[in-house]
Structures are given as C-alpha cells and as structure tokens.
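Analysis of the macromolecular model
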Amino acid sequence: MLGVKKRKRGVEAENERAEENWLLEDKREDAIGTDGLSNRVREMLQKQKAELFSDSSAKNKWFTDPKAAHYAPNGRLLVSKVYLASRTHSQLSQMLQELSKTHFPEQGLRVLALGSRKHLCVHEGVRDREDVNEVCLEMQRAGNKRCPYLPKMDDPTDPLLTFADEAFATPHDIESLLALGQAHKLCSYYGARRALPFAQLVLLPYPLLLSAEARDSLGIPLDKDGTCVVIDEAHNLLPTLLQMHSVSIGAHQIRLIGTATATYVAKWGRRMKGTNEEKIKTLEVVIRRLQQWMTKDKAGDAKEQIWKVAEAVEEMRLQNVDLGSLDQWMTDVKVVRKIGGYADLLSSEAAAEGIESKKRKRGEERVRAHTEASRAFFALQSFLRALSNPSKDGRIIIGEEGGTRTIKYLLLNPAGVFRDVVEEARSVVLAGGTMHPTDEVIHQIFPRRDVQVFAYDHIVPNQHLCVRTIGKGPKGERMAFTYEKRNDGNLMDELGRTIINIGNLVKEGVVVFFPSYDFLKKVKKRWMESGIWARLEGKKKVFEEPKNGNQVDAVLAGYAESVKQKQGVIMFAVVGAKLSEGINFSDDLARTVVVCGIPYPNANSPELNERIKYVNELNGGEEAGRQLYQNIAFKAVNQSIGRAIRHANDWASIILIDERYSSKAVKSKLPGWLGGQSIKTCESFGELVRDLAGFLKERRRTSNS
C-alpha cells in the first residue's frame, strides 16, 4: 500500500512539473505551440471561429471581453449603474439591510454584491489557498483539472444566467451570494460577473473599485453617460488610496526572487526564445541591481533613507531599463504564476520530504513555503510598476521592517491613481458622517476641479446629545495627554478617578477610547499598581478591545450580553482600531462615549513628514501640512464619537477629556452634527457631573414615559 501511495505521489509530482504548467508563453507571431500551430495562425482560426459562432460569442462576451458585454451595438451602456463602495463587506451588508426597508427592492431594483475569488469561490479545495486567483485561472482550462463549478461556455442552457436571475430576485450580500452558488453547485464569483452587465446598483469593497487592474479583471465599466460612483465612509478614501498604491519589498524577498529565477532558467532556459529570452535577462539584471543597491552603504547607513524616485532609479542603475515594458511582459507571460509558482512547488516538495517525527512542522512549513516566492514576485512587479509613476508623485524609502532591510515606494499623490475614476464616471459622490474637515480631501483628491459640499444636520434632535469637554479631574489636576506627559503617573490616576466618577452616573454601557494600545497598556499597569483598577472592577464589569482582530467579535458579544443583563459595563477601546469604526454601539451599548486625549500621529515618522512636505509644496505654504497633521487625529476622533448615535431615537453623552478640546480651533474640527454651539467646556469636574447627571435623568425619564 505504501508503495502504491509513493507511486501515486510521484505521478502527481510529474504532472505538476509538466512543461505546459510552467513554460513561459511565447508571444511571437511565428512561435509554434504544443498544437503545432503558430500564434498567428491560431489567432486567425480563433477569430474565424468567433465569427462563425457569433451568437455564442455574444453570449459569452461577459467572459471573453467583460467590459464590452456592458454595451449595446450602438455603443451605449445596456444598463445605467450606481457603484456603491465601502471599506468592508460587513458595512455593505448593513447597507443592504437598510435598503431592504425601502420600496426599491419591491420595484425590481437589480442589486448585486461583488467580491473577490477569496470571498466567492465555492470550491472547498481552492477558496482557502493564498494563490486562489492563479489556481482558479489554471482550472479554467479544459481537461481533468477543470473546475466543476464553472459551466462550459458552449452550454446552451447558460446556468450562470439562471444564477444571475436568482441573485436579482432578492438583494444578496456576499455571504448569501456564496450560499446561492453552493446550493446550485455553481461558481458564485463568475455568477456575479455574469450578472454584472444587468445590475443597476453594484455594492463592492474599496479595492475592487479603486484598483484599475481589479476593474479591468471584473469588467467594471466607468462611463460618462451612465455610471455614478458613491464612496461611503469616505474619510477612509485618502489613506486607502495611499496605502493600496504604496508597496514594499524586503531584501529576503529579492534574494528569493534571484534564486527562483536562476533555478527556473537552469530548468527551462534553453526552451526560451525571442522576447522571453531577452526579458528574463533584463529581469535578472533588475534583481541583481536591486540587491546591490539595498546592500550598498548609503548616507552612513542611516536607519532610513528617503529618495526622490528619479534619483533612486538612477542610483539603482535602472534608468535605461524600460520598466513599463518589463511590467507588461511579466503580466502577459504570467511570471508570478510560472516562475514564482515553480519555485513554490519545489519548496513544497522539499518540505514534504521531512522525516516522520517532524510531520507537523513539515506541514506548517509546506503551507508557508507554498506561496512565498509567488508573493515575492508579485511584490517585485508592483514595485517596478510604481517606479513608472511620475517622480513627483512618490518617494523611495529604504529602512527596516521586522529586522529585515526593505525598500518601499511611498505614494504621495492620491489624485493620480484616482484620476481615472473621476474622469471616466459621470459623477463621483463621497459620503460619510465623519468627513469633517473636508478641505484635505478636496485639495488632495480633486485638485482644480469643481466640488460641491453638502452638510446636513444629524437625524437626532439636539436634546438627545450632551457634549462636554473637560480639562480638570476630580482633584482639580489639569489633564492634557501630550507626548511629553505620556508617562505621568499622577495624570493617569486623575484620569482613572474621572472615569470611575463618570461610571458611577452611567448605569448603561460606557465606551472609553484611548489614543493607542500602548497608552492603554501603560494606564492599566499604573492603575493596577495604584489600586484604581481594583476600584473600577468593583463597580463595573470591564472589557478591553484586543489587538487581535479575530478576537474582537467574541469580546463585543460578551460586552453586549453584560449590558443586556444590566450589570454595569465599561469597554476600553482604541481610537483607529476595529471598535472605533463600523461597529454599532446603539442604545444602551453606549449611553456615554469618552475620548481620552487627542491621537496625534508620530511626528517623527519619515513617511508622514514626506506627506507633509508634499502637501506644503502642493499648496505653497506650511499651513497645509499643519492641517494634514491635525486632520489625521481628528478624523479618528470623529469616527470614534460617531459610534454613539446609531438611529433617530438614540441618545448619548459624549465626553472629551483633555484641556486642548476647549480651544475654538480644536472644536472647529469636531463633527458638525454635534451642534457646534452646544459643545460646552466644563470649568470644573463638578460642573461636568451636574450636567451629565441632569442629562441622563431627563433622557431616562423621557424614554420611559
């Protein structure tokens, strides 16, 4: 039996190593393929076949030419569309819930949720793999490995069109769309793509809209005559654009790429001709020069060095390399999949040959090694593509991350990567409850464009809100949580006494936001030493937001249950973490929200300083940089404050603890829906207690009447 298993594994390994799986495609017109035909002849035959079977070709255009499938023969969109993008699928699901309360679904509005293969793949053996995209594409080929959930394109019944009809029957979020595919044993990912040309409202996460490659892959058209883009939670737009289009690659990844490329050339090099032979030599040169530049002593080997892109390219000696052409070649011949995948295959096989006593460890190594080279090649291609951007739009930073040398392209100009969306769509709407202040977004994303700003009052009346700032604690000590005072034990104790007193008044849920995990950790340590933590636990059941995002739901569920049981509960959370965004602390879950300090970013961050320099140059002065620095903090504060009021009948008190909140300039950066004039600064802690007690008493009386 063991011999049979070994023979079977050997056959599988040989199949995996077959040249058609790994050999780079030869794109030359006269190159002969495995079918004995040249590329030119094969393309001509395919064109003739498409003309002979024009009906079938038109039916399958959504697959072969996805953007063209959205257009009628006269060149106009078949269906006008609204693309509604948000940060997460959970936020999109909440939108669907609200949409279901309206009359639009009853009137036949065709709503479609889009997701990636990772979210919609129904193949159990594929969906959890890190290389799900590459495996999916490989499984579309004819043969025994073809995905059983993807119908053949010549199937006259067109099962995916039936899937589309069911998807439109009632609005589906991403999870129910996956369940629909599982129930029908059909691919939900391609089912959604089949439905896309007919959808009127398309819900999708940021990456699928903001990435030109993702839009092209999915066939998402942006059209001046018939598409509107709405971006929800738009305070996230600017940082998302900057993060998505910045890319870093480590020295260890470049070494891995070098080894993988050398191994690949040793195996398949003699089979490469023409462009492939030329380009892979260029790739080897680029890898070698990147390695040399990263190990070369620069500026006294300072911890971090910052370069303008053009200067860095020259220092790397890549100024004479056509990086755009190299990038296109890597895409055309699937370098990530072919060279990276071949290296990953060899790594997996090597890991699988371990001795039996290391079986468990071997399995972990196999999973980790399986996509390491592919991910490294993907990072390299993304980095080379970024170098083709205008030099002024970014910077190159050499530094260390996790103890390894890294090189990073830092995007500074979000307008450049968002320009296609603005220019191609009929209109772009940015929406959100915590977008204030808006100047930064307008100047950086819509430079020299006509932008209209609309601000609306909150849905709750003013008497449902009590907003107070306080700069003194119960003992009269001033509270300002500046960087210089971050280790002041007396200040931490005064904060603890303040929170205990607030908690004595609020019998419902209290959510307290700290500026960082680090500060929360320091404060807790101090309170445990001074006895304040024990006093707090004697009065309230205390929950803390975990750093591990996978644990947040369980902690939140425990907190909600304790609130329901009227136990008297307090949640310590962190500004900018998961609980500060997208979580509904409605009703008794948060009758009081407390924000401690102002979460200004690290002023010594090289990346932040480059952004500040960039906006100063863009606006011709230093004021723009100062505003950028402050806006980063207050957008996070405003998002945390927004957890308190979640529906028209909700009510809550909001307490901002830090004497800096009393200044007019700071108050101007708080959300407009707080009522501006109703934001009161309490001169003493006693005044805060009286105001809060009076507000709570009145709201409870009104709610119970």
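Notes on the structure in this doc start here. Everything numeric here is computed off the predicted structure, so don't read it as measured data. (Residues numbered from 1 in each chain as written. Predicted model: local features only at pLDDT ≥ 70, side-chain atom pairs only at ≥ 80, totals over all residues. Heavy atoms only, no water.)

Another point: the packing of aromatic side chains. Given two aromatic rings, their pairing is described by the distance between the two centres and the angle made by the two planes. Within this structure, the stated rule accounts for 17 aromatic pairs. When the ring of Trp-527 is compared with that of Phe-572, the centres are 6.0 Å apart and the planes differ by 55°; the resulting orientation is tilted. Remark: Phe-572 occurs in strand 13 (residues 569–574) and Trp-527 occurs in helix 25 (residues 517–530); sequence separation between them is 45 residues. In terms of burial, Trp-527 and Phe-572 fall into one category: buried. Both rings, one in Tyr-600 and one in Phe-634, keep their centres 6.2 Å apart while their planes meet at 85°; by these two values the pair is edge-to-face. Note that Tyr-600 is positioned in the loop between strand 14 (592–596) and helix 28 (606–619) and Phe-634 in helix 29 (residues 623–641), a separation of 34 residues in sequence. (Phe/Tyr/Trp six-rings, centres within 6.5 Å; stacked < 30°, edge-to-face > 60°. Helix = DSSP H or I, 4+ residues; strand = E, 2+ residues; numbered from the N terminus. Buried < 20%, exposed > 50% of the residue type's maximum accessible area, 1.4 Å probe, protein only.)

Taking strand neighbours across the sheet as the criterion, the five strands line up as 2-3-1-4-9 in an open arrangement whose pairing is parallel. At either margin of the open sheet sits one strand with a lone partner, and together these are strand 2 (111–113) and strand 9 (427–430). Across the sheet, the mean angle from the axis of one strand to that of its neighbour is 20°, orientation sign disregarded. Here strand 2 pairs with strand 3 (residues 201–205) via three bridges, running parallel. Residue pairing across strands places Leu-112 opposite Val-202, the latter belonging to strand 3. (Pairing = 2+ DSSP bridges. Axes fitted to C-alpha atoms, helices over the stretch in contact; angles between N-to-C directions.)

By rolling a water-sized probe across the atoms, one finds the places where empty space is left. Inspection of the entire model under this criterion finds four cavities of 30 Å³ or more. A volume near 120 Å³ is recorded for the largest cavity. If you trace the largest cavity, you find 14 residues lining it, with Cys-121, Cys-136, Cys-147, Cys-187 and Tyr-190 closest to the centre. A class-by-class count of the residues in the lining of the largest cavity yields eleven nonpolar, two polar and one charged. Each pocket or cavity is described by its volume, and for the second largest cavity that value is around 70 Å³. If you trace the second largest cavity, you find ten residues lining it, with Asn-60, Pro-151, Lys-152, Met-153 and Asp-158 closest to the centre. Considering only residue class, the lining of the second largest cavity consists of five nonpolar, one polar and four charged. (1 Å grid on protein atoms, 1.4 Å probe; cavity = no way out; pocket = protein on both sides within 12 Å on 5 of 7 lines; lining within 4 Å. Points joined across faces, edges and corners; volume = space filled by probe spheres on them. Nonpolar A, V, L, I, M, F, W, Y, C, P; charged D, E, K, R; others polar.)

The next point concerns helix 10 (residues 174–184). The set of residues buried in helix 10 consists of Ile-174, Leu-177, Leu-178, Leu-180 and Gly-181. Projected down its long axis, helix 10 shows its buried positions confined to an angular sector of 155°, all on one face. For helix 10, the exposed residues set more than 90 degrees away from the buried face come down to Glu-175 and Ala-183. One side-chain oxygen at the N-terminal end of helix 10 lies 3.2 Å from the backbone nitrogen of Glu-175; it belongs to Asp-173. One or two steps after helix 10, the chain reaches Lys-185, where phi turns positive at roughly 55°. (Arc of directions from axis to C-beta. Polar contact = N/O pair within 3.5 Å; in protein donor to acceptor, adjacent residues only side chain to side chain.)

With the rule as written, the count across this model stands at 27 salt bridges. As a salt-bridge pair, Arg-385 and Asp-327 come within 3.0 Å of each other at their nearest N and O atoms. Here the residue Arg-385 occupies a position in helix 21 (residues 372–386), and Asp-327 occupies one in helix 18 (residues 323–332), the gap between them amounting to 58 residues. With relative accessibility at 13%, the residue Asp-327 sits in the buried group. A salt bridge links Glu-544 to Lys-524; the shortest N-O distance between them is 2.6 Å. With Glu-544 in strand 12 (residues 541–544) and Lys-524 in helix 25, this pair connects stretches of sequence that are 20 residues apart. Classification of Glu-544 as partly exposed rests on a relative accessible area of 28%. What emerges from the salt-bridge pattern is a single network uniting Arg-468, Lys-680, Glu-687 and Asp-691. (Salt bridge = Lys/Arg side-chain N within 4 Å of Asp/Glu carboxyl O.)

What follows deals with the pairing of strand 6 (residues 305–308). Of the two faces of strand 6, only the one carrying Gln-305 and Trp-307 is buried; Ile-306 and Lys-308 on the other face are not. The pairing of strand 6 with strand 7 (residues 394–401) spans four bridges and is classified as antiparallel. When the bridges of strand 7 are listed, Ile-306 appears paired with Ile-397.

What follows concerns helix 27 (residues 552–564). Taking 1.5 Å of rise per residue, 13 residues should cover 18 Å, and helix 27 covers 18 Å from first to last C-alpha, within 8% of that figure. Looking at helix 27, one finds that the buried residues are Val-552, Val-555, Leu-556, Tyr-559, Ser-562 and Val-563. Around the axis of helix 27, the buried residues are gathered within 125° of arc, so they sit on the same side. Opposite its buried face, helix 27 presents the exposed residues Asp-553, Ala-554 and Lys-564, each directed more than 90 degrees away. Those residues of helix 27 that are buried lie in contact with strand 11 (510–514), strand 12 and strand 13. Looking at the residues trailing helix 27, positive phi occurs at Lys-566, about 55°. (Expected span 1.5 Å × (residues − 1). Contact = heavy atoms within 4.5 Å.)

Everything listed here is a matter of geometry and, on its own, says nothing about what the molecule does.
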